[in-house]
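Listed below are the residues making up each chain.
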Amino acid sequence: RKEVEQDPGPFNVPEGATVAFNCTYSNSASQSFFWYRQDCRKEPKLLMSVYSSGNEDGRFTAQLNRASQYISLLIRDSKLSDSATYLCVARYAGNMLTFGGGTRLMVKP
Amino acid sequence: NAGVTQTPKFQVLKTGQSMTLQCAQDMNHNSMYWYRQDPGMGLRLIYYSASEGTTDKGEVPNGYNVSRLNKREFSLRLESAAPSQTSVYFCASRHHRDGYTFGSGTRLTVV
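Quantities reported herein were computed from a predicted structural model and do not represent experimental measurements. (Residues numbered from 1 in each chain as written. Chains lettered and ligands numbered in written order. Predicted model: local features only at pLDDT ≥ 70, side-chain atom pairs only at ≥ 80, totals over all residues. Heavy atoms only, no water.)

1. Digging into the interface of chain A and chain B
Contact residues are listed per partner, giving 16 residues for chain A and 18 residues for chain B. For the pair chain A and chain B, the summed buried area comes to about 1400 Å², and 55% of that belongs to carbon and sulfur atoms. Inspection of the region where chain A meets chain B yields zero salt bridges. Run the count over chain A and chain B and you get three residue pairs in polar contact (both at pLDDT 80 or more). It is strand 10 (residues 96-99) of chain A that contributes the most residues to the side of chain A that touches chain B, three residues altogether. Classifying every residue of the side of chain A that touches chain B gives seven nonpolar, four polar and five charged. (Contact = heavy atoms within 4.5 Å. Buried area = accessible area lost by both parts, 1.4 Å probe. Salt bridge = Lys/Arg side-chain N within 4 Å of Asp/Glu carboxyl O. Polar contact = N/O pair within 3.5 Å; in protein donor to acceptor, adjacent residues only side chain to side chain. Helix = DSSP H or I, 4+ residues; strand = E, 2+ residues; numbered from the N terminus. Nonpolar A, V, L, I, M, F, W, Y, C, P; charged D, E, K, R; others polar.)

Set out below in structure tokens:
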């Protein structure tokens, strides 16, 4: 079983839609969590950190549920430019990052 | 700032050949990492260096060696390339609580 699991998708949504991704992690010792965005044939880039209290950055909202060991990312008012793969990431002691396989989002006009 | 620079961007090797992937960062980060990314597998850690002078194995170290030449540079070497090492390789660096910064990747094909 992978330590960080995501639905690979693709999620096909129309512009303006709200879409949510979930991610589960198996190691309860995970210290912190992130969402990265990866465009086709490009490197991953940090989208946002995920805090226990939940956090928002513009149209993006991330939440963490430690009891159930899952992380979510909500994107409101989807734009064509949001089309990408979203990677769920857990950090363990020693600053190791473990990546999920990614969820592919395609926003259509 | 250039951030994290990887060379080469593309490489084709024959089975058994050797090569070194170069990585350099100009952000004065302590930690550096090498990942490989394969379809359906996500990014997997090959080796990392928590600070200058130290290196440690990650999840998939077999067939690779690394050198942390100085604080800026962290190279990955394939001594005898195998088709199973066909992948996209990413170098990354990190400073304390900051997120990782990745290089643009090296696409390696072993035939």
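That was the structure; now back to the text.
2. Topic: the packing of aromatic side chains
Throughout the structure, instances matching the rule amount to 16 aromatic pairs over all chains. Here A:Tyr25 and A:Phe33 contribute two aromatic rings whose centre-to-centre distance is 4.5 Å and whose plane-to-plane angle is 40°, an arrangement assigned as tilted. A:Phe33 carries the same exposure label as A:Tyr25, and that label is buried. Ring centres 4.4 Å apart and planes at 25° place the aromatic pair B:Tyr33 and B:Tyr100 in the stacked group. Remark: B:Tyr100 occurs in the loop between strand 9 (87-94) and strand 10 (101-102) and B:Tyr33 occurs in strand 4 (residues 31-38); sequence separation between them is 67 residues. By relative accessible area, which is 4% here, B:Tyr100 ends up buried. (Phe/Tyr/Trp six-rings, centres within 6.5 Å; stacked < 30°, edge-to-face > 60°. Buried < 20%, exposed > 50% of the residue type's maximum accessible area, 1.4 Å probe, protein only.)

3. Some thoughts on the sheet that holds strand 7 (residues 64-68) of chain B
Residue and element names in this part refer to chain B. Pairing is antiparallel across the open sheet formed by four strands, whose spatial order is 1-3-8-7. Whereas interior strands pair on both sides, the edge strands pair on one side only; in this sheet they are strand 1 (4-7) and strand 7. For this sheet, the mean inter-axis angle between neighbouring strands, taken without regard to orientation, is 15°. For strand 1 and strand 3 (residues 19-25), the ladder comprises four bridges, and the chain directions are antiparallel. (Pairing = 2+ DSSP bridges. Axes fitted to C-alpha atoms, helices over the stretch in contact; angles between N-to-C directions.)

4. Quick look at the environment of A:Ser81
Positionally, A:Ser81 belongs in the loop between strand 8 (70-75) and strand 9 (84-92). Taking the C-alpha atoms as reference, A:Ser81 lies 7.8 Å from A:Val107; in sequence the two are 26 residues apart.

5. Some thoughts on the nonpolar core
A:Phe21, A:Trp35, A:Ile71, A:Leu73, A:Ile75, A:Tyr86 and A:Leu105 are the most contacted members of the largest nonpolar core, which totals 24 residues. Mapped onto this core, the elements with two or more residues apiece are strand 3 (19-25), strand 4 (32-38), strand 5 (45-50), strand 7 (60-65), strand 8, strand 9 and strand 11 (103-108) of chain A. Residues in contact with A:Ile71, not counting those within four places in the same chain, are A:Phe21, A:Asn22, A:Cys23, A:Tyr25, A:Phe33, A:Trp35, A:Val50, A:Gln63, A:Leu64 and A:Cys88. By size, the runner-up hydrophobic cluster in this structure holds 20 residues, among which are B:Met19, B:Val66, B:Ala81 and B:Leu108. (Core = buried A, V, L, I, M, F, W, Y, C linked by side-chain atoms within 4.5 Å.)

6. As for the pattern of salt bridges
Taken as a whole and judged by the stated rule, the model has seven salt bridges over all chains. For A:Lys79, the salt bridge is made with A:Asp77, and the minimal N-O distance between the two is 2.9 Å. Salt bridges linked by common partners bring B:Arg36, B:Asp38 and B:Arg44 together as one network.

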